[in-house]
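A structural walkthrough
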Amino acid sequence: MAYSLHSLHTFALNSQCQNFVEITDSAQLKSQCFKVPFCLLGEGSNTVFLNDYAGTVIKMATQGITITERSHDFLVSVAAGENWHQLVTYLLEQGIAGFENLALIPGTVGAAPVQNIGAYGVEIAQFIEAVDYFDIDSGSFKSLTNQQCHFAYRESVFKHALKNKAVITQVHFKLSKIWQPVLSYGPLQQLKNPTPQQVCAQVIQTRNSKLPNPYKLANAGSFFKNPIITNSELAQLITTYPEVPHYPHGAGHHKVAAGWLIEQAGLKGYKIAGIEVHQQQALVLVNHGNSTGDDLINMIAHIQDIVLTRYNISLEHEVRLIDQDNECHISLEQSV
């Protein structure tokens with residue numbers, strides 16, 4: 001029996017899967033058949049099904065939040081199926097701050113560590129104490145410390161060594177009782193001695209002004225990673241494009257704003273079938289409908305090609321692309 005995936009991923013391409021399972025209790029995972037191919041899904045805000053999927057889609061819908069007060073911080077243990085933004089606002093209501101820069105990021109808590117979600121100078125990795133998961137090979141529940149998760153920019157062990165081997169069931173966060181605002185990015189710099197609620201409100205306002213609501217206009221949020229280049233590459237880039245937004249990223253590297261590169265290349269509003277580079281935020285691709293997975297692949301390849309030609313920078317898509325039986329990556333080899 002086929003199940004429609006149209007409403008299960010926010011990019012809303014018309015596609016189907018062979019089987020669909022919703023997990024509301026982690027114990028269900030012990031009896032779940034993980035026959036290949038299978039795809040783990042939260043709210044589908046960072047996943048696009050390019051074609052009909054010849055396998056089982058397993059949606060994590062577990063719920064539950066536990067807060068434990070400790071001497072210097074709060075330990076917040078959250079089930080994988082909880083909505084991320086709702087967690088942010090709930091904790092602020094409880095007087096627990098730290099996540100406000102990450103407000104309005106779509107998706108579930110369980111998906112957050114996989115991508116190491118981040119925004120406005122903050123990454124989720126800095127708050128994670130441990131991640132609990134179901135080990136598919138052994139059929140047992142296990143836990144990883146922060147260090148064992150191997151977090152990096154939009155990276156974690158769950159995208160590599162544990163890919164298709166682990167189902168995240170719960171994430172344990174530690175949030176300090178001493179709050180320090182992070183105001184280094186964009187419009188947050190204008191805030192003076194703000195409260196956590198004011199930072200959250202500014203983030204929401206900024207995101208709403210730039211990013212389309214995926215439930216009103218189909219999209220998958222920021223589609224491309226901000227490329228990381230060496231300092232020498234940056235020095236060469238700014239000789240031609242001195243206004244390019246860039247931020248230090250560890251020793252010897254800088255992160256460059258992918259949205260700016262796409263916009264300055266004149267791609268805002270560019271369309272292939274019903275897929276368009278968003279008019280307000282070039283980092284976002286939107287789906288107006290009557291589009292296929294091939295249309296999206298052609299759009300990704302075109303953007304990569306233009307950016308590489310213009311700036312000598314390779315763009316990687318951040319969004320997970322699922323083909324008929326596995327995850328695929330649109331590489332530069334396909335676009336040049």
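Below: a short report on this structure. (Residues numbered from 1 in each chain as written. Predicted model: local features only at pLDDT ≥ 70, side-chain atom pairs only at ≥ 80, totals over all residues. Heavy atoms only, no water.)

A short note on the side chain of aspartate 132
Basically, it comes down to this: Strands here are runs of E lasting at least two residues and helices are runs of H or I lasting at least four, both read from the DSSP assignment and numbered beginning at the N terminus. Exposed residues in this analysis have more than 50% of their type's maximum accessible area, buried residues have under 20%, and partly exposed residues fall in between, with area computed by a 1.4 Å probe over protein chains only. Neither His nor the chain termini are counted; the positive set is Lys and Arg, and the negative set is Asp and Glu. Salt bridges are identified by distance alone: a Lys or Arg side-chain nitrogen within 4 Å of an Asp or Glu carboxyl oxygen. Definition of a polar contact: a pair of N or O atoms within 3.5 Å, with one able to donate and the other able to accept a hydrogen when the atoms are protein atoms, and with sequence-neighbouring residues admitted only if both atoms are side-chain atoms. In this description, contact between two residues means that some pair of their heavy atoms is separated by no more than 4.5 Å.
With respect to the helices and strands, aspartate 132 occurs in strand S10 (residues 128–135). Of the buried charged residues, aspartate 132 lacks a salt bridge, with arginine 70 as the closest side chain of opposite charge at 12 Å. Side chain to side chain, aspartate 132 and serine 143 meet in a polar contact 2.9 Å long. Sequence-distant contacts of aspartate 132, defined by excluding residues within four places in its chain, comprise Lys142, Ser143, Val167, Ile168, Thr169, Gln170 and His172.

Looking at the pairing of strand S5 (residues 53–60)
Within a regular strand, side chains alternate between the sheet's two faces. Selection rule: Note on pairing: DSSP must find at least two bridges between two strands before they are called paired.
The element S5 is extensively covered by neighbouring structure, given that 7 of its 8 residues are classed as buried. Pairing analysis gives 6 bridges linking strand S2 (residues 16–23) to S5, with the strands arranged parallel. Within S5, the position partnered with asparagine 19 by the bridge is threonine 56.

Brief notes about the pattern of salt bridges
If you walk through the whole model with that rule in mind, you get 9 salt bridges. For glutamate 318, the salt bridge identified is with arginine 154, shortest N-O distance 3.4 Å. Taken together, the residues glutamate 318 in the loop between helix H6 (293–311) and strand S20 (320–322) and arginine 154 in the loop between strand S11 (140–145) and strand S12 (166–176) connect sequence positions 164 residues apart. When sorted by exposure, glutamate 318 lands in the same class as arginine 154, which is buried.

Concerning the sheet that holds strand S15 (residues 246–248)
As a reminder, the rule being used: Lines are fitted to the C-alpha atoms to define the axes, a helix being fitted only along its stretch in contact, and any angle between axes, read from their N-to-C directions, falls within 0 to 180 degrees.
A sheet is described by the order of its strands in space; here 3 strands give the open sequence S14-S16-S15, paired in antiparallel fashion. Bordering the open sheet on either side are strand S14 (228–230) and S15, each of which pairs with just one other strand. Each strand axis lies, on average, 35° off the axis of its neighbour in the sheet, ignoring direction. Two elements, S14 and strand S16 (residues 253–256), share 3 bridges in a ladder whose sense is antiparallel. Its bridge partner lying in S16, isoleucine 229 is registered against histidine 254. In this fold helix H4 (residues 231–240) packs onto S14, S15 and S16, with an angle of close to 95° to the strand it touches most, S14.

Side note on the nonpolar core
Inclusion rule: Only buried residues count toward a nonpolar core. Its members are Ala, Val, Leu, Ile, Met, Phe, Trp, Tyr and Cys residues joined through side-chain atoms within 4.5 Å.
If you look at the biggest cluster of nonpolar residues, it comprises 42 residues, and the most contacted ones within it are Trp84, Leu87, Phe99, Ile124, Phe158, Phe173 and Leu175. Looking at this core, the elements that each hand over two or more residues are strand S7 (73–79), helix H1 (84–93), S10, S12 and helix H3 (196–210). Here leucine 87 is in contact with Ile65, Val78, Phe99, Val109 and Phe173, once residues within four sequence places are set aside. Membership of the second largest hydrophobic core comes to 39 residues, among which are Phe11, Val48, Leu50 and Ile272.

Considerations on the packing of aromatic side chains
Put simply, the rule reads: In this scheme Phe, Tyr and Trp rings, the latter by its six-membered ring, pair at centre separations within 6.5 Å, and the angle between planes marks the pair as stacked below 30 degrees, edge-to-face above 60, and tilted otherwise. We call a charge positioned above a ring when the Lys NZ or Arg CZ atom is no farther than 6 Å from the ring centre and deviates by at most 35 degrees from the ring normal.
A full pass over the atoms with the stated rule returns 16 aromatic pairs. Lying over the aromatic face of phenylalanine 74, lysine 177 brings its terminal NZ or CZ to 5.5 Å of the ring centre.

Some thoughts on unusual backbone geometry
Note that the residue after valine 36, namely proline 37, is joined by a cis bond; omega there is 0°. Along the polypeptide, proline 37 turns up in the loop between S2 and strand S3 (38–41). The backbone of arginine 154 sits at a positive phi, close to 55°, despite the residue not being glycine. The phi dihedral of alanine 273 is positive, around 55°, even though this residue is not glycine. A residue is classified by how much of its surface remains accessible, and alanine 273, at 45% relative accessible area, is partly exposed.

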